Number of protein chains: 2
Amino acid sequence: MNYDELYSNIIRKRSFLCIGLDSDPDQFPDHIKVLDNSIFEFNKAIIDATAQYVVAYKPNLAFYEAEGVSGWRQLAQTVEYIRKKDSSIFIIADAKRGDIGNTAKMYAKAFFEKMDFDAVTLAPYMGKDSIEPFLQYNGKWSIILALTSNSSATDFEMEQLNSGVPMYRKVIESSIRWGSRDNIMFVVGATRPEKLAEIRKYCPDHLFLVPGVGTQGGSVAEVARYGMNSSCGLLVNVSRKIIFAGQNKDFASVAGHKARQISLEMSSFLKVLR
Amino acid sequence: MNYDELYSNIIRKRSFLCIGLDSDPDQFPDHIKVLDNSIFEFNKAIIDATAQYVVAYKPNLAFYEAEGVSGWRQLAQTVEYIRKKDSSIFIIADAKRGDIGNTAKMYAKAFFEKMDFDAVTLAPYMGKDSIEPFLQYNGKWSIILALTSNSSATDFEMEQLNSGVPMYRKVIESSIRWGSRDNIMFVVGATRPEKLAEIRKYCPDHLFLVPGVGTQGGSVAEVARYGMNSSCGLLVNVSRKIIFAGQNKDFASVAGHKARQISLEMSSFLKVLR
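Residues numbered from 1 in each chain as written. Chains lettered and ligands numbered in written order. Predicted model: local features only at pLDDT ≥ 70, side-chain atom pairs only at ≥ 80, totals over all residues.

**Q** Would you take a moment to explain the overall build of chain A for this structure?
**A** Of the regular secondary structure elements, chain A holds twelve helices and eight strands. By the compact-globule yardstick of 19 Å for 274 residues, chain A fits well, its C-alpha radius of gyration being 18 Å. Looking at chain A residue by residue over its 274 residues, the buried ones come to 57%. In chain A, once contacts between residues fewer than 6 apart in sequence are set aside, the share between residues at least 24 apart is 71%. (Helix = DSSP H or I, 4+ residues; strand = E, 2+ residues; numbered from the N terminus. Rg over C-alpha atoms; globule rule 2.2 N^0.38 Å. Buried ≥ 20, exposed ≤ 12 C-beta atoms within 10 Å, placed from the backbone. Contact = placed C-beta atoms within 7 Å.)

**Q** Would you take a moment to explain the sheet that holds strand S7 (residues 208-210) of chain B for this structure?
**A** The pairing of strands in a sheet comes from backbone hydrogen bonds and takes either a parallel or an antiparallel form. Residue and element names in this part refer to chain B. One closed barrel holds the eight strands; their spatial order is S1-S2-S3-S4-S5-S6-S7-S8, and the pairing between them is parallel. Neighbouring strand axes in the sheet, compared pairwise and without regard to direction, differ in orientation by 30° on average. Set on the sheet, helix H12 (residues 251-270) makes contact with strand S1 (17-21) and strand S8 (234-238); between it and S1 the angle comes to about 150°. (Pairing = 2+ DSSP bridges. Axes fitted to C-alpha atoms, helices over the stretch in contact; angles between N-to-C directions.)

**Q** Looking at this structure, how should I read the nonpolar core?
**A** Generally speaking, nonpolar side chains in soluble globular proteins are found buried as a group. Core analysis: the largest hydrophobic core is formed by 192 residues, its most contacted members being Leu17, Val55 and Val236 of chain A together with Leu17, Val55 and Val236 of chain B. Residues contacting valine 236 of chain A, with those up to four places away along its chain left out, are Phe16, Leu17, Cys18, Val210, Val213, Val220 and Val223 of chain A. (Core = buried A, V, L, I, M, F, W, Y, C linked by C-beta atoms within 7 Å.)

**Q** Looking at this structure, I do not really get the relation of the copies chain B and chain A. What am I missing?
**A** Look at the two chain copies: a rotation about an axis and a shift along it is all it takes to match them. Between chain B and chain A, the superposition needs a rotation of 180° and an axial shift of 0.0 Å, giving an RMSD of 0.0 Å. Such a combination of turn and shift is consistent with a two-fold rotation axis. A shared binding surface is used by both copies, with 98% of the interface residues of chain B retained as interface residues in chain A. (Least-squares fit on C-alpha atoms with pLDDT ≥ 70 in both.)

**Q** Before we go on, may I ask you to explain helix H3 (residues 38-50) of chain B in this structure?
**A** Residues three or four positions apart in an α-helix share a direction because the helix packs 3.6 residues into each turn. All names here are of chain B. The end-to-end C-alpha distance of H3, which contains 13 residues, comes to 18 Å, matching closely the 18 Å that a straight helix rising 1.5 Å per residue would cover. Looking only at H3, the buried set comprises Ile39, Phe40, Phe42, Asn43, Ile46, Ile47, Ala49 and Thr50. Against the buried residues of H3 lie S1, helix H2 (30-33), helix H4 (61-65), helix H5 (68-85), helix H11 (240-243) and H12. (Expected span 1.5 Å × (residues − 1).)

**Q** Can you help me understand the sheet that holds strand S8 (residues 234-238) of chain A in this one?
**A** Residues and elements named next belong to chain A. Taken in spatial order, the eight strands close into a barrel running S1-S2-S3-S4-S5-S6-S7-S8, and their pairing is parallel. Along the sheet, successive strands turn relative to each other by an average axial angle of 30°, direction set aside. Judged from the three bridges that link them, strand S1 (residues 17-21) and S8 form a sheet pairing that is parallel. Its bridge partner being in S8, isoleucine 19 is matched across the sheet by valine 238. Seen against the sheet, helix H12 (residues 251-270) touches S1 and S8 and runs at an angle of roughly 150° to S1.

**Q** Help me understand the pairing of S1 of chain B in this model?
**A** Remember that side chains alternate between the two faces of the sheet whenever the strand is regular. All names here are of chain B. Among the five residues of S1, five are classified as buried, and the element is accordingly described as predominantly covered. Here S1 shows a buried face lined by Leu17, Ile19 and Leu21 and a second buried face lined by Cys18 and Gly20. In terms of strand pairing, S1 meets strand S2 (residues 56-59) through four bridges, oriented parallel. Residue pairing across strands places leucine 21 opposite proline 59, the latter belonging to S2.

**Q** Help me understand the interface of chain B and chain A in this model?
**A** Think of interface size as the accessible area that goes away when the parts come together; that is how it is often given. With 49 residues of chain B at the interface, the matching set in chain A holds 48 residues. Elements that contribute at least two residues to the side of chain B that touches chain A include exactly H4, H5, strand S3 (90-97), helix H6 (101-114) and helix H8 (167-175) of chain B. Residue contributions to the side of chain B that touches chain A peak at seven residues, all from H6 of chain B. Within the side of chain B that touches chain A, the residues separate by chemical class into 21 nonpolar, 14 polar and 14 charged. (Nonpolar A, V, L, I, M, F, W, Y, C, P; charged D, E, K, R; others polar.)

**Q** Even after reading the chapter, I still don't get the pairing of strand S6 (residues 184-188) of chain B, so can you show me in this structure?
**A** Residues and elements named next belong to chain B. Of all five residues that make up S6, five are buried, and the element is covered over most of its length. A two-sided burial pattern is seen for S6, the buried positions comprising Ile184, Phe186 and Val188 on one face and Met185 and Val187 on the other. For strand S5 (residues 141-147) and S6, the ladder comprises five bridges, and the chain directions are parallel. Counted as the bridge partner of leucine 147 is valine 188 from S6. As for the winding sense of the linkage, the β-α-β connection from S5 through H8 to S6 is right-handed. (Right-handed = clockwise from strand over helix to strand, strands pointing away.)

**Q** I keep staring at the packing of H3 of chain B against H5 of chain B and nothing clicks. Help me out?
**A** Two measures define how a pair of helices packs: the angle their axes make with one another and the distance between the axes. Residues and elements named next belong to chain B. Put simply, H3 and H5 touch, their axes get as near as 9 Å, and they point 20° apart. Overall, the two elements H3 and H5 adopt an arrangement that is roughly parallel. The two elements H3 and H5 cross, and the hand of that crossing is right-handed. Contacts between H3 and H5 involve Ile39, Phe40, Asn43, Lys44 and Ile47 on the former and, on the latter, Gly71, Gln74, Gln77, Thr78, Tyr81, Ile82 and Lys85. (Parallel < 35°, antiparallel > 145°, perpendicular 65-115°, else oblique. Left-handed = near helix turned anticlockwise from the far one by under 90°.)

**Q** Explanation requested: the packing of helix H9 (residues 193-202) of chain B against helix H10 (residues 220-227) of chain B in the structure shown.
**A** Residues and elements named next belong to chain B. As a packed pair, H9 and H10 sit with axes 8 Å apart at the nearest point and diverge in direction by 20°. Between H9 and H10, the interaxial angle falls into the category roughly parallel. For the pair H9 and H10, the sense of crossing is right-handed. Taken together, the residues of H10 that come into contact with H9 (itself represented by Pro193, Glu194, Leu196, Ala197 and Arg200) are Glu222, Val223, Tyr226 and Gly227.

**Q** Honestly, the environment of aspartate 94 of chain A in this entry has me stumped. Any pointers?
**A** Residues and elements named next belong to chain A. Looking at the secondary structure, you find aspartate 94 in strand S3 (residues 90-97). Owing to 27 C-beta atoms within 10 Å, aspartate 94 belongs among the buried residues under this scheme. A sequence separation of 34 residues divides aspartate 94 from asparagine 60, and the C-alpha atoms of the two residues are 4.7 Å apart. When sequence neighbours within four positions are dropped, the list of residues in contact with aspartate 94 reads Gly20, Lys58, Pro59, Asn60, Leu61 and Thr121.

**Q** Honestly, unusual backbone geometry in this entry has me stumped. Any pointers?
**A** Peptide bonds are, in most cases, trans, and in most cases residues other than glycine have a negative phi. Residue and element names in this part refer to chain A. Here cysteine 232, not a glycine, exhibits a phi torsion of approximately 70°, which is positive. Here cysteine 232 is to be found in the loop between helix H10 (220-227) and S8. A tally of 24 C-beta atoms within 10 Å means that cysteine 232 is categorised as buried.

**Q** Can you walk me through H12 of chain B in this structure?
**A** All names here are of chain B. Here H12 spans 28 Å end to end across 20 residues, near enough to the 28 Å set by a 1.5 Å rise per residue. Among the residues of H12, those classed as buried are Phe251, Ala252, Ala255, Gly256, Lys258, Ala259, Ile262, Ser263 and Met266. Here the buried residues of H12 occupy an arc of 165° about the axis, which is enough to place them on one side. For H12, the exposed residues lying more than 90 degrees away from the buried face are Leu264 and Ser268. Along its buried surface, H12 packs onto S1, H3, H10, S8 and H11. (Arc of directions from axis to C-beta.)

**Q** Whenever I open this one, the confidence of the model for chain A confuses me. Can you help?
**A** Caution applies to low-pLDDT parts of the model: their predicted coordinates are not meant to be read in detail. Residues with a pLDDT of 70 or more make up 100% of chain A, whose mean pLDDT is 96. Scored by ipTM, the complex comes to 0.96, with pTM at 0.97. (pLDDT = per-residue confidence, 0-100.)

Spelled out as structure tokens, the structure:
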């Protein structure tokens, strides 16, 4: 999928919502907890109730790996299920991988060949070698961590460099040259909305994947205000605030209601476009 | 396992060798390639032939994930097999994970509870939040990327900060305070040996996990010369140069021979200790 295809999905669905499938079994409703394949069953119910309101899903790998082999199997089932449900939906492996070239190549194989993800999140610390192998796949995306939503983003990401810019800006300005707006996007957290505006100035055309709305405290309105460009330019991720909105038998419809509510808010910001 | 226990294994075995299990099926000898469980069978043969010469093994997760569910199962089997073979051996998940606190907690569960790894490699980009959950496990280790062995370590790791130090030094000097020499070590590549000496000055007591010897060009002698401290302070990793040293039916004994050769070289540097 390229940017234009993703953008037409955004316009068609009036939504730039990505739902994070941080599917922690400890948080599941009791009637799901007891099932053998509980992660997949939970995801399936959430996907059925929310697919019409989203343009992307983002399974967070940690929650699957924590269940070992069975978790990895249910991750694969989830990706297949999303593809079958709505082939226009963009699927992100939130994996935050990053390793030397020959290893990165194997991670790319894992996410783009063994499983059918559209994109993978990547940590930039090790530099270009660790990103390039992912960019060899036509129609697949590298989503590079720039400025994340957590409080310790101040530790290293926001460190000022000798050259006068913070590290996250150096990451964006370097890596933007390794690919195009059709295969690179950046993670920019919603918890520092004023930074979104700053980053838009030197990164006008690329998509941002924006975590931090919901449980972490960011708001859709602020993200849209500071981060939107003329082709939307945003995928806003919400995880726990949607998938764990309900705790009972009706958890999926509660999640669907919450997703609808957020997508309606998003649609109001999309009115100005196209 | 704490530092003293690991150090007594180093002294007893006269070796600070870690073998990287970068078990890429495309590189296996033909008689292994055809097996159902080829990764595990390959690893088992390598482990049987080399266990007496090593203090650590380091499966590189990418090579297992690239095989999907089956790869993840064979990773778990490999960890169990090493434990059974020689319970003194330190097992490192080369995973280079790094995510916000609630996600990092799940990765820690994956590697320290679901599987019985002693340590996991971690990318520091997102700061303290992303490391802390791993440090809650008694006897388990966080191995933090500082200065890696790949050429694009120059992109961000070696960037000079406003404060006058390069990023990798800032990473070491910050994160050293988050734990102790019993649960934090650093990745410092063998491909820039002069940097090992520099880093030893401000990080005298911690273990370094040193990749880059072998295929990437670093040498044991230089690493020992520049990186050793009075408690050895080194785990030197060799992957492809050992596990793919032989390409025929006798690949395991060729690997064993290569591992013995490297450990003998290491033992000469250990003579000065204890």
